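Architecture and fold: a report
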Amino acid sequence: MKNLEVNAIENGIVIDHIPANALFKVMRILSLENITNRITFGTNLPSSRMGTKAIIKVSNMSLDKANLDKIAIFAPNAYVSHIQNYKVVAKHKIEVPDNFEGSIMCANPMCVTNKEVVRTKFQIINKVDLAFRSFYCEKITMLDNFEIREG
Amino acid sequence: MSNKHLVSIGDFTKEEILKIMELASFFEQNKSERLLQGKVIASLFFEPSTRTRLSFETAINRLGGRVIGFSDSGNTSVSKGETLHDTIKMVSGYADMIVMRHPVEGAARYASEVSMVPVVNAGDGSNQHPSQTLLDLYSIIKTQGTLQDRHIMMVGDLKYGRTVHSLIHAMSHFGVKFTFVAPEELSLPDEYKMYLKENSVEFTETTDFMEQINECDIIYMTRVQRERFSDLMEYERVKNTYILRSQMLKDTKDNLKILHPLPRVNEIDKDVDDSPKAYYFEQAANGVYARMAIITYLLGVK
């Protein structure tokens, strides 16, 4: 087994198989910019499956369903491992959910979620190409147009 | 909240659509039934509309209800910066039902989450206008005797026309066949074609108005709007391509009826108005019965 290019952690989570260009988006949607936990990450790492990939390790953190769903938006093929005492105690393949709330904006500027203080709600109508239909304006937002919504 | 709303045509099942057809027919026979005696209905038009507002308010009056509301948000607290949330919350404390039109897409869905009483969407931007769809369906069933197995030709702006999209959705319950006639720039978006394929609905697309005109039962005309074109040369080129004239109707089926959500500009020539196949003015009149049906159904009084 080859050496890890990103150091192992004692307790926490490892998000692996993130597309190399999605690293910072995943960091942002999980609000990792604002926490004080130790974080190590790498990108443009070689991957036999993906060509290149990114990886994020966060100490002393766990992820609930809502946060796993957030990862799915930018890294639908990622794996999340929970680590305790340097051992993987649980490993989840990310699954794209049927519905998604908050975190990203509706691409339609006339949508009520962009005009009033209303949290976005989407039905995911294509889980492969990632197409989201707004529950409100019923317009479709595609992966290329995903913008992270603060707060 | 257990209130029943009508925000999108998809909120109604096939059975509910048929129920509305039945009620609309009843109200056409019984134009003044005082089923809303003692009820107050809010008619909130955040943007102006003539036909839809008058038709809803006529429906309420014919049912013996009272109307409160506004036809323009200009002189209301909305212009002072009140949020949609607060306006709806307040009005839903006054009235038994809210009928609303709003320029923002999804406004009615959001209102239905906030409101304590049923909400009827009378148009939310370019999104949904379900009462129009139900009156279109009522016009089809009235002139054809059935909604089943009709061949419908839709002409004009199929890209942005919300009435077109909702009618496609609703008619998919009834073994329909579609012909879509539009310039390439205004052709039906892929998501609707995908929807039709998933639901095994037969359709063809063409730029030739005459290709299937003699086979269809309904021609649904829409307005090609200048502001939809990025290239004005292209607009000038196509604007006169999709005009229906009376001589085009000479070999069409006897049961053919021509529908149009109105207002029309020039896409139906005036000489068609005298044809027994022209139905767009009767279609507008059907709006009152369809809306009487929607209101009484949602309030559970009929």
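Every chain is numbered on its own, with residues counted from 1 as its sequence reads. Naming scheme: in the order in which they are written, chains are lettered from A and ligands are numbered from 1. Owing to the predicted nature of the model, reporting of local features is limited to residues with pLDDT of at least 70; listing and counting of side-chain atom pairs is limited to 80 or more, with chain, interface and lining totals taken over all residues.

What about the overall build of chain A?
Comment: elements are numbered from the N terminus, with helices defined as DSSP H or I runs of at least four residues and strands as E runs of at least two. Across its full length, chain A carries 3 helices and 9 strands. Helices (α) and strands (β) of chain A occur, in sequence order from the N terminus, as β-α-β-β-α-β-β-β-α-β-β-β. Relative to the globule expectation of 15 Å for 151 residues, the C-alpha radius of gyration of chain A, 16 Å, shows essentially globular dimensions. Seen through its principal axes, chain A has C-alpha atoms that stretch 50 × 30 × 20 Å. We call a residue exposed when 12 or fewer other C-beta atoms sit within 10 Å of its C-beta, buried when the count reaches 20 or more, and partly exposed for counts in between; the C-beta positions come from the backbone. Within chain A, the proportion of its 151 residues that are buried is 33%. Each radius of gyration is computed over the set of C-alpha atoms, and the globule rule expresses the reference value as 2.2 Å times the number of residues to the power 0.38.

Comments concerning the overall build of chain B
When helices and strands are tallied, chain B shows 9 helices and 9 strands. By the compact-globule yardstick of 19 Å for 302 residues, chain B fits well, its C-alpha radius of gyration being 19 Å. Overall, chain B is about 55 × 45 × 40 Å in size when its C-alpha atoms are taken along their principal axes. Once local pairs closer than 6 in sequence are excluded, the contacts in chain B between residues at least 24 apart make up 75%. The contact criterion used is a C-beta to C-beta distance within 7 Å, with each C-beta placed from the backbone.

Here's the deal with the sheet that holds strand β6 (residues 177-181) of chain B
As a general point, the strands of a sheet are linked pairwise by backbone hydrogen bonds and lie either parallel or antiparallel. Residues and elements named next belong to chain B. One requirement defines pairing of two strands: DSSP has to find at least two bridges between them. Reading across the sheet, the 5 strands line up as β7-β6-β5-β8-β9 and stay open at both edges, with parallel pairing between neighbours. Strands at the two margins of the open sheet, each flanked by one partner only, are β7 (202-206) and β9 (257-259). Within the sheet, the average angular offset between the axes of one strand and its neighbour, ignoring direction, is 20°. Helix axes are fitted to C-alpha atoms over the stretch in contact, other axes to C-alpha atoms as well, and angles between N-to-C directions run from 0 to 180 degrees.

Describing the interface of chain A and chain B
Counting residues at the interface gives 15 residues for chain A and 14 residues for chain B. The greatest single-element share of the side of chain A that touches chain B, amounting to 3 residues, is contributed by helix α3 (residues 112-115) of chain A. Asp, Glu, Lys and Arg are counted as charged, while Ala, Val, Leu, Ile, Met, Phe, Trp, Tyr, Cys and Pro are counted as nonpolar; the rest, among them Gly, fall into the polar class. Per-class residue counts for the side of chain A that touches chain B are 8 nonpolar, 3 polar and 4 charged.

Side note on the domain arrangement of chain A
All names here are of chain A. According to the domain assignment, chain A contains domain 1 (12-93) and domain 2 (99-145). Taken together, the 5 residues of domain 1 in the interface contact 4 residues of domain 2. When residues of the side of domain 1 that touches domain 2 are assigned to their parent elements, the largest contribution, 3 residues, is made by helix α2 (residues 65-74). Tallied by class, the residues present in the side of domain 1 that touches domain 2 amount to 3 nonpolar, no polar and 2 charged. The domain boundaries here were taken from an automatic or database domain assignment.

As for the nonpolar core
Taken as a class, soluble globular proteins show a tendency for nonpolar side chains to be buried jointly. For the purposes of this analysis, a nonpolar core is taken to be any set of buried Ala, Val, Leu, Ile, Met, Phe, Trp, Tyr and Cys residues that are connected through C-beta atoms within 7 Å. Within the largest apolar cluster, 97 residues are counted, with the highest numbers of intra-cluster contacts made by B:Ile20, B:Ile98, B:Met153, B:Met154, B:Ile219, B:Tyr220 and B:Ala293. It is helix α9 (residues 280-299) of chain B that provides the largest number of residues to this core, a total of 9 residues. Ignoring anything within four residues of it in the chain, the contact list for B:Ile219 reads B:Met153, B:Val155, B:Leu244, B:Leu256 and B:Ile258. Listed in part, the 21 residues of the second largest apolar core include A:Ile15, A:Val26, A:Phe74 and A:Ile104.

As for the pairing of β6(B)
All names here are of chain B. Counted residue by residue, β6 has 4 buried out of 5 residues, so it is predominantly covered. Bridge analysis of strand β5 (residues 151-155) against β6 gives 5 bridges, and the strand direction is parallel. Each residue of the ladder has a partner; that of Met154, found in β6, is Phe180. The path from the first strand over the helix to the second decides the hand: if it runs clockwise while the strands point away from the viewer, the crossover is right-handed. Where the polypeptide runs from β5 across helix α6 (residues 162-171) and back to β6, its parallel neighbour, the crossover connection is right-handed. Pairing between β6 and β7: 5 bridges, direction parallel. Across the sheet, residue Thr179 finds its bridge partner in β7, namely Thr204.

Brief notes about the confidence of the model for chain B
Residue-level confidence of the predictor, termed pLDDT, takes values from 0 up to 100. Of all residues in chain B, 99% have pLDDT values of 70 or greater, and the mean over the chain is 94. Both scores are given for the predicted complex: the pTM is 0.90, the ipTM 0.88.

Quick look at the environment of B:Leu6
Residue and element names in this part refer to chain B. Note that Leu6 resides in the segment before α1 (14-29). The buried category is assigned to Leu6, around which 25 C-beta atoms lie within 10 Å. For the pair formed by Leu6 and Ser131, sequence separation is 125 residues and the distance between their alpha carbons is 8.4 Å.

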